[in-house]
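The chain contents come next:
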Amino acid sequence: MKRDLYIAAILLPLAALAGWKTSSPGPAGSEAMAPPQKETAAAPTKASTREERIKRPLAPPRTWKALKERAHASPAELQAELVTLVNGGAQAVFNGEQAWLLQHLLKVDPAGTLREVRDHCRDFQSDNVTLYWCLWDPEGALTALLAAKPLVGKASNGGSMGGPLSFTGMGRLAPEKGLKMILDLPPEQRSAGFFASLLGGIAADHPEQAAAYFERIVADGKIPESNLSTVLGALAAADPARATDWAEQHFGTLPDKVAHELVKGMAKTDPERAEKIYQGMMSGDADDRREPAYWISQALTDRGIDASYKWIEDNAPPGKVEELKGNAWSMWAWHHKDEAIERILKQPELLGEARGGETLGIVQSLGREADLIAVVDALPADQATKLRELLTANGLLAPDPEVDPTTSFLWLKRLGKDPAAAGEILKSMTEDQREELASTVNGDNFAAGDDPRLMLKIVGASKDGIDRKGGHKGLARLTLLDSAEAVRMVEAMPPGEARSNAVDSVWRNWKVDDSTSATAWKEKMLGGK
């Protein structure tokens, strides 16, 4: 759990920063590397005792092996499902119950998984997959990534296998080994970002060692003067005062690039010092100042959203006020959900802002949808229209076919939000809507989530019933989760070809765990066939 929370703490601000225009350097950009030389697919190494304490894998819902080997899901289908999840909102993949799927694919086929994500997701999302791997299994990931040839497809760093590489995990778990991995690289492949991420990991878990490692890295002369700021920023996270003193002695007047990295490093641990450095930056350009302002305003959310808003209003670069407020709201709201929901119910117009979908997720996470719908229903029509569209798009309200005749995606969102009520919701739909929805679930490209019961309800409400691809897949997954429930469902079906096919699907998945019972049941149902 500690490992998963640490990963989320790194990836969530990176996702927020990715909203800025891509021509600007983001936090991950400094970790890019030249394309490595040779491809290998090294297996993850055995973890140390300390690593096992940190890296406790999520408990999967008995599914990853089953999905791959027994439930009609090939590795390619699992990769397609991962792509769907990443494109739908990466947070759940990195810090939620779907993380088991990402972990599994990074074990069995990391190169293929990264290739699929790079080819079908936005750059910042695929970069986050690589960063997740480097944090979750640092030695296994870096061994493979540093030896890999460039992959064909999108890559924000020019085409290397995984995009931005990070030594943060190595800094946390094995600093000496991580430093050796960097120093063993050819000079042209070393990056200041590698040293910086290593030092960032050291600062996180071994802050008392950060200054000594910084001095060693600088003394080795492996970093050009122009890149010193990157590593200095990592020291600032562990020892803001020492980092500031060293920078002032070395540079005299701090160049903006150095000030930028110092602010980024120390904003969380020493926001007052970070603000002082920010105010002393020489450049007045909004794009140069926006990221330092982001880090400070994020740190100030610890004092409350209003404190952060006040600082932004007084100090944000021109044209960046609303953007920074949106990012601050996102950080604060997810850490103070109860307070955020009360503010949303008093100010539902917050949903109409840039972070509306994310804000709605906070409401849903605490089951307050009905309260929000009641507030929106009470608004004048001209104020409620856009908010109702947002609620519909996120599955809280039924779609209106007169507004959008192609509604299967919206219906799936709605059913997914309330699987227990799916039966009644399906009855309320027209026959054409049910058939369209079943056709989507039966399609080749449909990647269902973790609820096979919902799949079976959807296809079961159609004229063809469950004897189609979506029904077979749903029944197979249900067998893996609860074989007794799958058996009861099949036994309740009328005799015929559809039931025979269902018996075969249950048997093929049940027999892996209990061949004797599965075979005896099949013979009883099919008369020894």
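Residues numbered from 1 in each chain as written. Predicted model: local features only at pLDDT ≥ 70, side-chain atom pairs only at ≥ 80, totals over all residues. Heavy atoms only, no water.

Colleague: What exactly am I supposed to notice about the environment of Met 331 here?
Modeller: Structurally, Met 331 is set in helix H20 (residues 321–335). Sequence separation between Met 331 and Thr 301 is 30 residues; the distance between their C-alpha atoms is 7.2 Å. Residues within four places of Met 331 in sequence aside, it is in contact with Gln 298 and Thr 301. (Helix = DSSP H or I, 4+ residues; strand = E, 2+ residues; numbered from the N terminus. Contact = heavy atoms within 4.5 Å.)

Colleague: How do you make sense of helix H16 (residues 256–266) when you look at a structure like this?
Modeller: Residue pairs three or four apart in sequence face the same way in an α-helix, which turns once every 3.6 residues. Counting buried positions along H16 yields 9 of 11 residues, so the element is predominantly enclosed. Within H16 the residues assigned to the buried category are Asp 256, Val 258, Ala 259, His 260, Glu 261, Leu 262, Val 263, Gly 265 and Met 266. (Buried < 20%, exposed > 50% of the residue type's maximum accessible area, 1.4 Å probe, protein only.)

Colleague: Please clarify how the packing of aromatic side chains should be interpreted in this entry.
Modeller: Any two aromatic rings considered together are summarised by their centre-to-centre distance and by the angle between their planes. This structure, assessed with the given rule, holds 7 aromatic pairs. With centroids separated by 5.0 Å and ring planes inclined at 75°, the aromatic side chains of Tyr 294 and Trp 295 adopt a geometry described as edge-to-face. Residue classification places Tyr 294 among the buried positions, given a relative accessible area of 0%. When the ring centre of Tyr 278 is taken as origin, the NZ or CZ atom of Arg 289, which lies over that ring, is 4.4 Å away. The ring of Tyr 309 has Lys 325 lying over it, and the distance from NZ or CZ to the ring centre is 5.2 Å. (Phe/Tyr/Trp six-rings, centres within 6.5 Å; stacked < 30°, edge-to-face > 60°. Lys NZ or Arg CZ within 6 Å of the ring centre and 35° of its normal.)

Colleague: Just to check I follow, could you spell out the nonpolar core for this structure?
Modeller: For soluble globular proteins, nonpolar side chains are generally found buried alongside one another. Within the largest apolar cluster, 99 residues are counted, with the highest numbers of intra-cluster contacts made by Phe 167, Leu 199, Leu 232, Leu 262, Trp 329 and Leu 372. Aside from chain neighbours lying at most four places away, what touches Leu 199 is Ala 210, Tyr 213, Phe 214, Val 231, Ala 234 and Leu 235. If you look at the next biggest cluster of nonpolar residues, it comprises 30 residues, including Met 429, Val 490, Val 503 and Trp 507. (Core = buried A, V, L, I, M, F, W, Y, C linked by side-chain atoms within 4.5 Å.)

Colleague: Just checking my understanding: could you explain the environment of Gln 279 for this structure?
Modeller: Inspection of the secondary structure assignment puts Gln 279 in helix H17 (residues 271–279). Judged by its relative accessible area of 41%, Gln 279 is partly exposed. Along the chain, Gln 279 and Ala 259 lie 20 residues apart, while their C-alpha atoms are 9.8 Å from each other. Contacts of Gln 279, omitting those with residues within four sequence positions, involve Arg 289 and Asn 315.

Colleague: Even after reading the chapter, I still don't get the environment of Arg 368, so can you show me in this structure?
Modeller: You can see Arg 368 is positioned in the loop between helix H22 (356–365) and helix H23 (369–377). Once the C-alpha coordinates of Arg 368 and Leu 345 are considered, the two residues, 23 residues apart in sequence, prove to be 9.6 Å apart. Here Arg 368 is in contact with Ile 341, Glu 342, Leu 345 and Val 363, once residues within four sequence places are set aside. Side chain to side chain, Arg 368 and Glu 342 meet in a polar contact 3.3 Å long. Polar side-chain contacts of Arg 368 include one of 2.6 Å to the side chain of Asp 371. (Polar contact = N/O pair within 3.5 Å; in protein donor to acceptor, adjacent residues only side chain to side chain.)

Colleague: When you look at the pattern of salt bridges in this model, what are you seeing that I'm missing?
Modeller: Where charged atoms from two side chains of opposite charge come close, those side chains can pair. In total, this model carries 20 salt bridges according to the counting rule given. Between Glu 139 and Lys 177 there is a salt bridge whose closest N-O contact spans 3.4 Å. Within this pair, whereas Glu 139 is found in helix H9 (residues 138–145), its partner Lys 177 is found in helix H11 (residues 175–183), the two being separated by 38 residues in sequence. Across the salt bridge formed by Arg 343 and Asp 306, the nearest N and O atoms sit 3.2 Å from each other. With Arg 343 in helix H21 (residues 337–346) and Asp 306 in helix H19 (residues 305–315), the pair connects residues that are 37 residues apart, well separated along the chain. We classify Arg 343 as partly exposed; its relative accessible area is 22%. For Asp 306, a relative accessible area of 47% puts it in the partly exposed group. One continuous salt-bridge network, built from bridges that share partners, spans Glu 342, Arg 368 and Asp 371. (Salt bridge = Lys/Arg side-chain N within 4 Å of Asp/Glu carboxyl O.)

By themselves, these are just geometric observations and shouldn't be taken as functional.
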